[in-house]
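Structural overview
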Amino acid sequence: MRIAQRSRHRDESALIASLRAGDERAFRQLVEEYTPGMRRLALTFVRTPALADEVVQEAWLGLLKGLDRFEGRSSLKTWIYTIVANIARTRAVREARSVPLSSLAPQDADDDEPAVDPDRFVGDGHWARPIEPWRQVLDAEARSVIDAAIAKLPPHQAQVIELRDIEGWSSEEVRNVLDLSETNQRVLLHRARSKVRAALEEYLRDDG
Amino acid sequence: MADLTCKELVELVTDYLESALSRRDRKRFEQHIDGCTNCTEYVAQFRETIRLTGTLREQDVPKEAADELVALFATWKRDSL
């Protein structure tokens, strides 16, 4: 067992003991650490803020119910996010029954969409025009462009980029929570990043 | 061994960054980048995209939402005793 993992275990066992003992401060800390990301992940499944809030609340309840049985085989983080994903998935299926089939996002991993519009290349595969450098942009400005681009992604791509690039998780953690193969995870991530880059390019060029 | 084209390279950027390319493909990737300013710029933009995406991480939970969850926790604890 690696050192980081061992210390994670020690910290988490202490945290779990506090939670089992009803320590509200420990619980609040956990809520503050994970709720924003849980909510963002929930939104990639259910797509309405109200439903996402319900999913998050239900997930916390699920955590409390399962606390006595939690054995620490996964980290607390991946456990709680797995609960979120499971609840949100069920909700999304229920939600999907009441919306027209045509509005459902395609199963994104199977398609073969290119990272860059093929028109940008000439016949021999070189760039048709030089890539323009981006103008300077404030992080806050870029954030709204990225947020809008992620909201338009097919759900699986949005889920992977949320956890990998926003939450900063490892690919292994993401694969465990979303139940994806290594290749699939990487393909989804690449499609998502490519589209976000394209959205930034569009914005940083047009507005220049 | 055939050189990578720009069109092929843009499909491999995440594999490259994740160290998921074979040694041979990694070499082809790096050789291409060395001689291609456009792809160098593309990869730089890709990295910048990842950095900017990381700034979306939120850390604030509205106080009411946190209070509500803590209240839920208190109820759960009371009921489970």
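In what follows, the accompanying structure is described. Not measured: the values here are computed from a predicted model.

Let us look at the interface of chain A and chain B. Between chain A and chain B, the residue contacts involve 58 residues of the former and 42 residues of the latter. Between chain A and chain B, roughly 4400 Å² of surface is buried when both sides are summed, and carbon and sulfur atoms account for 65% of that area. Seen at the junction of chain A and chain B, the total is six salt bridges. The partner of B:Arg51 in a salt bridge is A:Asp139, with the nearest N and O atoms 3.3 Å apart. Taken together, chain A and chain B are joined by 21 residue pairs in polar contact (both at pLDDT 80 or more). For the side of chain A that touches chain B, the secondary structure elements donating two or more residues are helix H1 (3-20), helix H2 (24-46), helix H3 (49-66), helix H5 (139-151), helix H6 (155-166) and helix H8 (182-206) of chain A. Considering each element in turn, the side of chain A that touches chain B owes the most residues, 11 residues, to H8(A). Grouping the constituent residues of the side of chain A that touches chain B by class yields 27 nonpolar, nine polar and 22 charged.

Moving on: the packing of aromatic side chains. What the rule picks out here adds up to 10 aromatic pairs over all chains. Taking 4.6 Å as the distance between ring centres and 35° as the angle between the ring planes, the aromatic pair formed by A:Phe121 and A:Trp127 counts as tilted. On the basis of relative accessible area, A:Phe121 is assigned to the buried category, the value being 8%. Given the relative accessible area of 8%, A:Trp127 is considered buried. Taking 4.1 Å as the distance between ring centres and 10° as the angle between the ring planes, the aromatic pair formed by B:Tyr16 and B:Phe29 counts as stacked. Of the two residues, B:Tyr16 sits in helix H2 (residues 13-17) while B:Phe29 sits in helix H3 (residues 23-34), which places them 13 residues apart along the sequence. Judged by its relative accessible area of 1%, B:Phe29 falls in the buried class. Through a chain of ring-to-ring contacts, three or more aromatic side chains come together here, namely A:Phe27, A:Trp60, B:Phe73 and B:Trp76.

Further remarks concern the environment of B:Ala2. Position of B:Ala2 among the secondary structure elements: in the segment before helix H1 (6-9). Sequence spacing of B:Ala2 and B:Lys77 is 75 residues, and the spatial spacing of their C-alpha atoms is 65 Å.

Residues and elements named next belong to chain A. Every buried residue of helix H7 (residues 171-178) is accounted for by Val174, Val177 and Leu178. Seen from one end, H7 has its buried residues packed into an arc of 85°, which puts them on one side. Residue aspartate 179 follows H7 closely and has a positive phi angle near 60°.

The next point concerns the packing of H2(A) against helix H5 (residues 63-80) of chain B. Two quantities define a packed helix pair, namely the angle between the helix axes and the distance between the axes. At a minimum axis distance of 10 Å, the contact between H2(A) and H5(B) shows a crossing angle of 135°. Judged by the inter-axis angle, H2(A) sits oblique to H5(B). Considering only the axes of H2(A) and H5(B), their crossing is right-handed. When H2(A) is examined against H5(B), the residues A:Glu24, A:Phe27, A:Arg28, A:Val31 and A:Thr35 are found in contact with a partner set consisting of B:Ala66, B:Asp67, B:Leu69, B:Val70, B:Phe73 and B:Ala74. In the contact of H2(A) with H5(B), the residues fall into seven nonpolar, one polar and three charged.

If you walk through the whole model with that rule in mind, you get 25 salt bridges over all chains. Where A:Arg135 meets A:Glu141, a salt bridge forms, and the shortest distance between an N and an O atom there is 3.8 Å. With a relative accessible area of 25%, A:Arg135 lands in the partly exposed category. Among the residues examined, A:Glu141 registers a relative accessible area of 26% and is labelled partly exposed. Taken together, the salt bridges that share partners define one network made up of A:Arg40, A:Asp147, A:Glu162 and B:Glu58.

Conventions used here
- Residues numbered from 1 in each chain as written.
- Chains lettered and ligands numbered in written order.
- Predicted model: local features only at pLDDT ≥ 70, side-chain atom pairs only at ≥ 80, totals over all residues.
- Heavy atoms only, no water.
- Contact = heavy atoms within 4.5 Å.
- Buried area = accessible area lost by both parts, 1.4 Å probe.
- Salt bridge = Lys/Arg side-chain N within 4 Å of Asp/Glu carboxyl O.
- Polar contact = N/O pair within 3.5 Å; in protein donor to acceptor, adjacent residues only side chain to side chain.
- Helix = DSSP H or I, 4+ residues; strand = E, 2+ residues; numbered from the N terminus.
- Nonpolar A, V, L, I, M, F, W, Y, C, P; charged D, E, K, R; others polar.
- Phe/Tyr/Trp six-rings, centres within 6.5 Å; stacked < 30°, edge-to-face > 60°.
- Buried < 20%, exposed > 50% of the residue type's maximum accessible area, 1.4 Å probe, protein only.
- Arc of directions from axis to C-beta.
- Axes fitted to C-alpha atoms, helices over the stretch in contact; angles between N-to-C directions.
- Parallel < 35°, antiparallel > 145°, perpendicular 65-115°, else oblique.
- Left-handed = near helix turned anticlockwise from the far one by under 90°.

The analysis is restricted to geometry; functional conclusions fall outside its scope.
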